[in-house]
Amino acid sequence: MLFAILIGVLFAFIAPLVYRLLGRYVAILMALLPLALFSYFISLYPRVVQGEVIIANYTWVEALAINLQFRLDGLSLIFVLLITLFGFLIMIYASAYLQGDPLLGRFYLYLTLFMTAMLGIVTADNIFCLFLFWELTSVSSYLLIGFNNTNKQARVSAWQALLVTGGGGLALFAGLILLSIASGAHTFTGLLAQKNILADHASFLPAFVLIMVGCFTKSAQFPFHFWLPNAMAAPTPVSAYLHSATMVKAGIYLLARLAPILSGPDVWFYTLAGVGSITAILGAVVAVQHTDIKAILAYTTIGALGLLVMMLGINSTLAIKGMLVFLVAHALYKGTLFLVAGAIDHCMGTRNISQLRCLGEHMIPLGIAATLAALSMAGILPFLGFIAKEMLYEATFTTPWLLGIATLSGLVFVAIALLLSYRLFWKKSSKPTPPRHALSIGLYLPPLVLGIAGLTAGLMVSSVPSKLINGAMQQIVASHSNTYKLALWHGFTPVFWLSIGTVILGVSLYRFLPFIRIRSVGMQHMYKYGPDALYHRAFERLLHGAKTFIAKLQNGYLRSYIIYIILFFCGLLLIVMWRDPSDISFSQPAASLNETQLYEFVLVALVIAALIYLLGTRSRLTSIVVMGLVGYSAALLYVLFGAPDVAATQLLIETLTVVIFVLLLHKLPAFTYLSHQFQKYKFIAIAIFFGAVMTYVMLLVQARAVDSDLKKFYGAASYEQAHGRNIVNVILVDFRGLDTLGEISVLAVAAIGIYALLRLNSEKGGKP
Amino acid sequence: MDLLMPFMIGTLFSVSLYLILHRHLFKLILGLILFGLATNLFLFIVGGLTRGSTAIIREQETIPKEPYADPVPQALLLTAIVIGFGIQAFAIVLIRRVYQTFKSNNLNDLRGDRGPEKKKH
């Protein structure tokens, strides 16, 4: 099973190569993968519906508990079948939709990678493994939305989707880590075993909130829903696959997976039912205002996702079962409608409802597919959508406000379904819109297959679908009493009458759609305060702020950089000193002041006088001489404190420096007066501050000198081991000989650099 | 003397930083050299001062007699001084080249967006 899940990665990365070899026939190979996977998972179906859980483990990073642990149970099975079935159809559809696109190979790379990641999410048992695949879907979704990379809208939307879902993913990660810390388990199986500990744990609520943020961003719940309509900038196969059938359901999957672990406290019901119902209303209300087919579908998807979350929130056996049926039904009909929308866009060059009339004239198969899907969406009798809607009403029947929301969504679904099938394809018109080109088989076959699947699933609901759903139920509801059998016909119950009423009211709503659209123009100004606008404003502010900040920090002046470095360094020192304050006692060093010889005073006075003179002088030669004076004084100091070798080096080097200086003096700039008065005072202040901090540090170190073991070691080992009496020399040439070699290399490199700079003649084009 | 040294080196740091912050190229070199000197002395002080006695083992002895200067900071210093010299020499030549190319002694003129026009390439 591990192999089956990970083989997609391999396929993904050979896709561009295969495209180079085979051209557009790459689609055949890429479609075979999901087909093979679908058959493989179907072959596991009998075992899984029996209640067996298939587990595959592979140790990866044992110490961090990050392992490739997969489990295939009833809940996963529904999802893997949906993902691979859709994957197969989308791969075929995409080859027709993107025919002639030079980047087709890359498209298949992204799409296959996404499919693998999605399979990983729904089968992962290890929570880190889940997170990995979760983020991989965000990244591949980013690449797919921005596939038309010359379109600015696509790029912006891709960014938005990545930031929202990727950010949510990080929140989810934090939540999962909290859960695993609280329980000590790293797999869902383990978390489930520990759920009693978790419910009373202090970090339950933070973990809950973080996980909810992760799921809600992924599944486009209010207030994170705004990325989904924008993601419609993606090519339509992507919208159908990622943004209606699979990726946006990942959040639902995780909620369902975690339902047995987290659903104990009331906060589960209020959060999920609340957010879900707001999202459902929002999706329904906004969907009727649009004329772009993809926008309409996007908002109805948001509405449907809201309903799914709401039903998860109710968490009764009936609600969960209804949720699963609705999830499958929605994937089938919404996927179909997206594919239909893509085909219309491809053939007509527009997706705007008001410009499309009587399409059934030229595209009968597409019309049939759309109608099948629309009937399921509207919840008409033999379709799976009907069963889903019945169960939705049944589950919410005792809670009036939830029932109201479910009915409202039902109404809108009916109206939209009519709009997308009857109005687009079959309503008679004097001027049918002529297609730009004929419909190719790759564009109508996949939606037709999906549409028929929705019908078949409805007709045969008590056999295979029912077993699948019951298998999934076992994973979500611990003791599930099979009270509600999945069947097409339940008799003339109140729910049935409600369902009929919804259809009738929905038809009247459809009649009013044009008026609603005209009215809704007035609502446009509300969008200025919506989350999408907020996101863009925040994004712009962030960019602007970053730009201003960087322009200030990296302003191109060497001085500013040095000032920042120095002030930061001093700040760090001061923080450390403030944190552990220590008193300096001057008594001991002050006593040593009495022993100070006169010549030492003279030396210090000389250096300080020289420095002050250096600040004032305007002669280059004088300043070089003064520099030399300071250097030689330092050498004298070294002699005084028992470092003759250092003193000798210092003398040599100082002499060399002065020589180089004098040699190049005539080529160096003469003094001119450059400073501003104000700047000058600022620099003086900073310089004095820095000097003071350094002085303080030295006094501090002197006050608490530590004996180093190195001194004793080298003292003892110098003669015994290296047979040298000058310890400093022994260290340099013997113990740390390699370091000295490095030092020599540095000098050699500097010498080469100097030679090159001197010989380089820019006047003659950079050559000597 | 132990008390005087930190103040002297602090002054050295202040002056060198002020010279580095100066816009003039020549003063920048002076500042760099002084800063290196100050850092070396700083290292020396922090390593601990021992008056008079060098870290040399006398004849007929196998280990040095206390008190003797800590040899480790001295070894470090030797390396630091030599490498510092490499950097100084390179900086002097580089600044000379910069001055020749840009015909300016003002650091503020050297920002990328205000550089001289590209010459015959």
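Just so you know, these numbers come straight off a predicted model, no measurement behind them. (Residues numbered from 1 in each chain as written. Chains lettered and ligands numbered in written order. Predicted model: local features only at pLDDT ≥ 70, side-chain atom pairs only at ≥ 80, totals over all residues. Heavy atoms only, no water.)

**Examining the overall build of chain B**
- When its secondary structure is counted, chain B shows 3 helices and 0 strands.
- What you see in chain B, going N to C, is helices and strands ordered as α-α-α.
- A principal-axis box enclosing the C-alpha atoms of chain B has dimensions of 70 × 30 × 15 Å.
- Looking at chain B residue by residue over its 121 residues, the buried ones come to 59%. (Helix = DSSP H or I, 4+ residues; strand = E, 2+ residues; numbered from the N terminus. Buried < 20%, exposed > 50% of the residue type's maximum accessible area, 1.4 Å probe, protein only.)

**Focus on the interface of chain B and chain A**
- At the junction of the two partners, chain B supplies 90 residues and chain A supplies 101 residues.
- With both chains or domains summed, chain B and chain A bury close to 9,100 Å², and 75% of this area falls on carbon and sulfur atoms.
- Where chain B meets chain A, there are 0 salt bridges.
- In this assembly, chain B and chain A are joined by 10 residue pairs in polar contact (both at pLDDT 80 or more).
- Only α1 (4-21), α2 (25-46) and α3 (71-102) of chain B provide two or more residues apiece to the side of chain B that touches chain A.
- Examining the composition of the side of chain B that touches chain A, we find that 23 residues originate from one element, α3 of chain B, more than from any other.
- Residues belonging to the side of chain B that touches chain A are distributed by class as follows: 55 nonpolar, 20 polar and 15 charged. (Contact = heavy atoms within 4.5 Å. Buried area = accessible area lost by both parts, 1.4 Å probe. Salt bridge = Lys/Arg side-chain N within 4 Å of Asp/Glu carboxyl O. Polar contact = N/O pair within 3.5 Å; in protein donor to acceptor, adjacent residues only side chain to side chain. Nonpolar A, V, L, I, M, F, W, Y, C, P; charged D, E, K, R; others polar.)

**With respect to the UniProt feature "transmembrane region" (unreviewed entry) in chain B**
Residue and element names in this part refer to chain B.
- According to UniProt, the positions carrying the feature "transmembrane region" (unreviewed entry) are residues 6-21, 28-49 and 75-95.
- With 100% helix and 0% strand, residues 6-21 has end C-alpha atoms that lie 22 Å from one another.
- Measuring from the first to the last C-alpha atom of residues 75-95 gives 30 Å, for a span that is 100% helix and 0% strand. (UniProt positions renumbered as here; feature names shortened; annotations may be inferred.)

**Overview of empty space enclosed by the protein**
Residues and elements named next belong to chain A.
- Scanning the model with the defined rule gives 4 cavities of 30 Å³ or more in all.
- Here the largest cavity is characterised by a volume of approximately 110 Å³.
- Along its surface, the largest cavity is lined by 16 residues, and F326, M377, G385, K389 and F413 are the ones closest to its centre.
- Counting residues per element, the ones that place at least two in the lining of the largest cavity are α15 (317-348), α16 (364-378), α17 (384-396) and α18 (400-426).
- Among the elements that line the lining of the largest cavity, the one with the most residues is α17, at 5 residues.
- Its residues placed into classes, the lining of the largest cavity shows 10 nonpolar, 5 polar and 1 charged.
- As a volume, the second largest cavity reaches approximately 80 Å³.
- Surrounding the second largest cavity, R71, F188, T189, L192, R257, P260, I261 and Q475 form its lining.
- For the lining of the second largest cavity, the elements supplying multiple residues, two or more each, are α7 (188-193) and α12 (247-262). (1 Å grid on protein atoms, 1.4 Å probe; cavity = no way out; pocket = protein on both sides within 12 Å on 5 of 7 lines; lining within 4 Å. Points joined across faces, edges and corners; volume = space filled by probe spheres on them.)

**Thoughts on the pattern of salt bridges**
All names here are of chain A.
- The tally for this structure, following the rule as stated, stands at 6 salt bridges over all chains.
- With a closest N to O distance of 3.1 Å, R47 and E52 form a salt bridge.
- You can call R47 partly exposed: its relative accessible area is 39%.
- Exposure remark for E52: the relative accessible area of 34% places this residue in the partly exposed category.
- One salt bridge connects R257 with D73, and the closest N-O pair in it is separated by 2.8 Å. Here the residue R257 occupies a position in helix α12, and D73 occupies one in the loop between β2 (66-72) and α3 (74-97), the gap between them amounting to 184 residues.

**Side note on the nonpolar core**
- Among the nonpolar cores identified, the biggest contains 205 residues, and L262, L324 and I344 of chain A are the most heavily contacted of them.
- The dominant element in this core, judged by the number of residues it contributes, is α15 of chain A, at 22 residues.
- Apart from the residues lying within four places of it in its own chain, the contact partners of L262 of chain A are L179, F204, F208, I211, M212 and W268 of chain A.
- Core analysis: the next-biggest nonpolar cluster, separate from the first, contains 82 residues, V646 of chain A together with I9, L19 and I33 of chain B among them. (Core = buried A, V, L, I, M, F, W, Y, C linked by side-chain atoms within 4.5 Å.)

**Focus: helix α28 (residues 677-703) of chain A**
- Compared with the 39 Å implied by 1.5 Å per residue over 27 residues, the 39 Å span of α28 of chain A between its first and last C-alpha is a close match.
- Within the sequence span of α28 of chain A, burial applies to F683, I686, A687, F690, G691, V693, M694, T695, V697, M698, L699 and L700 of chain A.
- Tucked inside the fold, the buried residues of α28 of chain A contact α23 (558-579) of chain A together with α1 and α2 of chain B. (Expected span 1.5 Å × (residues − 1).)

**Focus: the pairing of β2 of chain A**
Residue and element names in this part refer to chain A.
- Burial within β2 is extensive, with 6 of its 7 residues counted as buried.
- With 6 bridges connecting them, strand β1 (residues 54-61) and β2 associate as antiparallel partners. Looking at β2, one finds that A56 is bridged to F70.
- A loop of 4 residues connects β1 with β2, the two strands running antiparallel in sequence, and A65 in this loop sits at a positive phi of about 60°. (Pairing = 2+ DSSP bridges.)

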